[in-house]
Amino acid sequence: MAIAQSFKSIFKSSLLGLSALAAATPALAQGEASGDDAILEDIMVTARRQSESLQDVPITVSVLGGKLLDNFQLNEVADLQSRIPTLNVQVGGSGSGGQLSLRGIGSSNISAAFDSAIAFNFDGVVVNTMRFVQAGFFDTQQVEVLKGPQSLFFGKSASGGVLSIQSKNPTDELEIIARGSYEFEEQGYLLEAIASGPITDTLGIRLGVQFNDIDEFARIQDNIPAVNRERGLQTLLVRGTLDWKPNENFTANLKANYFRLKNDGAIGNSENLCGPDGVADPVILLQGAVSVPGGYDCDAFDQRYPTADPSPTIVGQIPSQDPLSERDFNGVPFGETEIFNIRLKLDYDITDSLTLTSITGYVDVDALEFDCFSYGGVGPAFIAGAPDAPAAPALAAVNTPGSAQAFGCSSPNNTLEQFSQEVRLTSNFEGPFNFMIGAFYEDRNILFGGHQQAVNISIIAPDPVTGNTVDWYRTQVTDAEALSFFVSGTYEITDRLTLSGGVRWTDEQKTSVIDVPFVHAFLSSGPAFIDSGFNSGDIEFSDSQWTPEVALTYALTDTINVFASFKTGFKSGGIDNSALPSSSLLGLDDPATREAVEDSIRFRSETAIGGEVGIKALAAGGALRVNATGFYYVFDDLQIQNFNGAAVQFETDNAGEVTTLGVEVDWNWSTPVDGLTLSGAAAVTSSEFSDVFIVRVDDLDGRRVGRAPVFSGNVAADWSTPITSALELGMNGNLSYTGSYFTDQVTLNDNEQDAFVTLDTAISISNPEQGWKVSLVATNLTDKIWINTTSDRPFRDNDDLISTQNRGRQVFLEARFDY
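What you see is a predicted model; the values in this text were computed from it and never measured.

**A short note on the sheet that holds strand S45 (residues 787-792)**
Reasoning step 1: Spatially, the three strands line up as an open sheet ordered S16-S46-S45, and their pairing is antiparallel. Strands at the two margins of the open sheet, each flanked by one partner only, are strand S16 (270-273) and S45. Between one strand and the next, the sheet's axes are offset by a mean angle of 30 degrees, whatever the strand orientation.
Reasoning step 2: Both S16 and strand S46 (residues 801-805) contribute to a ladder of four bridges, which runs antiparallel.

This is how it looks when you write it as structure tokens:
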């Protein structure tokens with residue numbers, strides 16, 4: 001609690017600081033800019049589901065425009081971290097496929113059962129799968145990051161914030177864009193083509209395609225046996241947009257997107273941390289009867305990864321129910337994800353002051369992967385103390401020196417089919433009062449399944465009945481249905497004072513069914529596991545919640561607004577999808593114990609309450625923008641999941657309470673120097689467990705949450721100048737600082753990532769008249785490697801951890817043509 005108490009003082013003093021800034025800024029506002037070119041463009045955002053000026057909304061929003069994204073090859077969500085302080089992104093993992101966190105608040109990447117606390121909003125449709133973090137984006141108009149609870153306007157999946165991506169729409173005139181780049185570090189290339197323009201006077205179209213092929217996304221350590229020594233990655237994105245405006249009162253906008261990802265394994269940039277002893281732990285199987293040397297080195301930051309190919313004993317035969325069995329599978333790690341989504345937005349002006357909006361969304365996700373999560377394993381294994389002992393006959397038969405002996409392999413299969421419908425009625429009266437009312441419905445079918453090797457029993461022998469060489473195959477299908485209604489309004493009390501607010505009511509129902517069609521006979525014959533053919537029947541969860549918010553905005557001058565807001569957030573609970581097929585599930589067959597067993601695999605909804613105060617100011621004749629916010633929120637029952645390496649089991653918990661508070665500032669200055677813009681952002685944040693939260697043996701009360709640096713920020717410079725009558729030189733740079741943070745939340749002294757600095761640079765030559773541009777872009781120029789998350793290494797007997805890391809330096813040579 002010591003950190004929280006000190007930051008409460010900072011938070012209170014920040015109110016005085018914001019007031020002082022408000023008092024000082026009018027004097028700055030009297031300054032003259034160097035001309036019209038020096039005036040910053042007004043940024044429009046959709047933070048309240050309608051287009052408004054950034055300076056008018058009482059919400060903390062960070063905005064990245066399409067030009068900035070293009071200049072730095074920022075086409076993946078993870079690329080945004082260097083521009084958005086407190087944003088942490090993890091891509092990959094066998095569960096949800098990714099993770100977003102803001103101000104230390106986020107949801108686990110290892111569970112596909114959790115909705116993300118940071119809602120992913122794509123062109124107006126909220127999607128509840130972090131597979132979209134893998135998808136990336138292109139041809140983007142704008143990215144908006146809304147910080148703090150946003151449940152009023154974005155619903156149940158926005159308890160910690162919103163990441164909103166808006167793609168570009170058809171143009172009034174013909175536009176053709178071609179872009180190609182080569183990346184030297186990972187040896188990849190990117191090709192992109194876009195065509196846009198009118199078909200008729202009322203119908204416009206925009207078509208785009210992007211293809212990215214990377215040869216060396218992740219390189220395997222030299223001493224680790226693997227077929228694919230350089231794990232590659234390939235993505236394809238295709239988008240089509242139709243915009244129809246048959247008259248002044250009606251607009252229809254249809255967007256269809258297809259994304260395909262192929263890679264050489266689900267693990268990606270994951271590295272082993274050898275722990276204080278500096279020794280690679282062996283892979284321990286059958287309660288210590290089998291010990292496989294880890295085989296990996298302890299250089300955790302050399303960008304050479306330890307993942308070995310599987311032991312032949314566990315990839316001999318796959319259960320017929322597994323989609324993997326339909327492939328020509330040879331035991332080599334791979335990953336494939338396909339996402340199709342379509343969005344139809346209809347806007348109808350009923351009158352001059354009333355607009356009816358309908359947004360229909362459909363999302364289809366199909367992801368299948370195979371990888372081995374012992375993160376190492378090189379023969380010969382020691383079986384009951386000797387390499388050739390008979391305790392594990394199948395393993396002994398292939399136990400050659402230097403052989404691939406990775407275990408803990410699985411074939412995660414995650415599918416999602418989501419339909420959503422939102423309807424809003426928005427007013428635009430000339431008087432002081434305006435409103436928005438809306439209704440939202442969502443229906444989802446989520447499957448998470450696959451075979452697993454938690455015991456790796458087939459090192460003894462395949463299943464005697466089927467010949468399968470996996471421990472079990474299980475699936476869990478969850479049907480989720482959500483319904484919500486909301487109303488919001490704004491009332492101009494005076495010409496300068498505005499009251500806004502509203503409330504949303506949300507009800508969500510979830511039903512899960514666990515099926516285990518196959519369990520290896522050596523396991524099911526004992527008391528610890530269930531038999532093949534288990535079906536849980538319906539396991540249900542339901543919850544409903546009111547989420548009100550209110551804000552006051554006061555215009556000190558025509559260019560300075562201050563605001564104070566009270567906000568609440570809600571994210572539905574559900575049914576954990578990581579329960580092993582142990583004998584505890586047999587309690588579901590017993591009416592006397594069923595409720596207790598169901599409760600053990602449910603997790604509760606998380607809620608948030610708190611508020612913000614802030615100032616949004618323009619100065620120097622519109623050339624300087626300064627926005628600052630102080631915030632304080634308390635999250636109850638934050639959904640958290642950890643991995644227990646010794647038990648080879650996921651642990652799903654609700655943290656008792658998390659308090660997050662701090663101050664954030666961002667600024668943008670169009671300087672008197674022609675073509676030079678300076679910008680930056682900074683955040684001072686405290687996010688800590690603020691009530692009893694016992695994980696294993698430690699009470700984490702008072703400890704910082706994971707991925708929550710106390711200080712983070714960036715400064716950027718963008719400059720363009722003519723060098724001849726036809727040519728223009730562009731230079732861009734961004735320096736980002738991230739303070740130290742815990743990478744896990746298991747003990748009081750988890751692994752801590754030290755503070756680090758990254759540098760992104762770009763230089764370009766262009767001919768604006770002819771429409772071409774050649775750029776040299778470097779992201780993470782100093783090749784800094786940092787840790788996003790850590791967890792226990794599976795099958796360990798000591799202290800080794802698994803860390804997920806960022807990509808290293810990338811250097812692009814790009815050519816672009818615009819017509």
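**With respect to the nonpolar core**
Reasoning step 1: Grouped together as the largest cluster of nonpolar side chains are 53 residues, with contacts concentrated most on Leu285, Val290, Phe370 and Leu395.
Reasoning step 2: Sorting the residues of this core by element identifies strand S17 (283-285), strand S18 (290-292), strand S21 (354-372), strand S26 (472-492), strand S27 (497-519), strand S29 (539-557) and helix H7 (594-601) as the ones contributing at least two each.
Reasoning step 3: Residue contacts for Leu395: discarding those within four places in its chain leaves Val290, Ser311, Thr313, Ala381, Ile383, Gln405, Phe407 and Ile459.
Reasoning step 4: One finds Phe72, Leu87, Val145 and Ile194 within the second-largest nonpolar core, a separate group that totals 41 residues.

**Examining the sheet that holds strand S22 (residues 382-383)**
By way of backbone hydrogen bonds, the strands of a sheet pair with one another, either parallel or antiparallel.
Reasoning step 1: Ordered by their spatial adjacency, three strands build an open sheet running S17-S18-S22, and the pairing between neighbours is antiparallel. Each edge of the sheet is formed by a strand with only one pairing partner; in this case those strands are S17 and S22.
Reasoning step 2: Of the strand pairs in this sheet, S17 and S18 are connected by three bridges, and their pairing is antiparallel. Looking across to S18, one finds that Leu285 is bridged to Val290.

**Section: a nonpolar patch on the surface**
Reasoning step 1: Side chains of Tyr182, Phe184, Tyr189, Leu191, Met731, Ile763, Val774, Leu776 and Leu813 sit close together on the surface and give an oily, nonpolar patch of about 780 Å² of accessible area.
Reasoning step 2: Contributions of two or more residues to the nonpolar patch are made by strand S12 (188-198) and strand S44 (772-779).

**So, the layout of surface pockets**
Reasoning step 1: Here the second largest pocket is characterised by a volume of approximately 890 Å³.
Reasoning step 2: Top contributing element to the lining of the second largest pocket by residue count: S29, with six residues.
Reasoning step 3: Of the residues contributing to the lining of the second largest pocket, the split by class is 17 nonpolar, 20 polar and 13 charged.

**What to know about the pattern of salt bridges**
Reasoning step 1: One pass over the structure, following the stated rule, counts 36 salt bridges.
Reasoning step 2: A salt bridge links Glu216 to Arg219, with the shortest nitrogen-to-oxygen separation between them at 2.7 Å.
Reasoning step 3: Residue Glu216 is classed as buried on the basis of its relative accessible area of 15%.
Reasoning step 4: Take Arg219: its relative accessible area is 17%, and that puts it in the buried class.
Reasoning step 5: The shortest N-O distance in the salt bridge between Asp637 and Arg604 comes to 3.0 Å. Remark: Arg604 occurs in the loop between strand S32 (602-603) and strand S33 (606-619) and Asp637 occurs in strand S34 (residues 624-644); sequence separation between them is 33 residues.
Reasoning step 6: One connected set of salt bridges, linked through shared partners, spans Asp115, Lys156, Glu442, Arg444 and Glu508.

Calculation notes
Residues numbered from 1 in each chain as written. Predicted model: local features only at pLDDT ≥ 70, side-chain atom pairs only at ≥ 80, totals over all residues. Heavy atoms only, no water. Pairing = 2+ DSSP bridges. Helix = DSSP H or I, 4+ residues; strand = E, 2+ residues; numbered from the N terminus. Axes fitted to C-alpha atoms, helices over the stretch in contact; angles between N-to-C directions. Core = buried A, V, L, I, M, F, W, Y, C linked by side-chain atoms within 4.5 Å. Buried < 20%, exposed > 50% of the residue type's maximum accessible area, 1.4 Å probe, protein only. Contact = heavy atoms within 4.5 Å. Patch = residues over 30% accessible without salt bridge, like charges linked within 9 Å, V, L, I, M, F, W, Y side chains within 5 Å. Areas by Shrake-Rupley, 256 points an atom, 1.4 Å probe, with all protein chains shown as cover. Salt bridge = Lys/Arg side-chain N within 4 Å of Asp/Glu carboxyl O. 1 Å grid on protein atoms, 1.4 Å probe; cavity = no way out; pocket = protein on both sides within 12 Å on 5 of 7 lines; lining within 4 Å. Points joined across faces, edges and corners; volume = space filled by probe spheres on them. Nonpolar A, V, L, I, M, F, W, Y, C, P; charged D, E, K, R; others polar.

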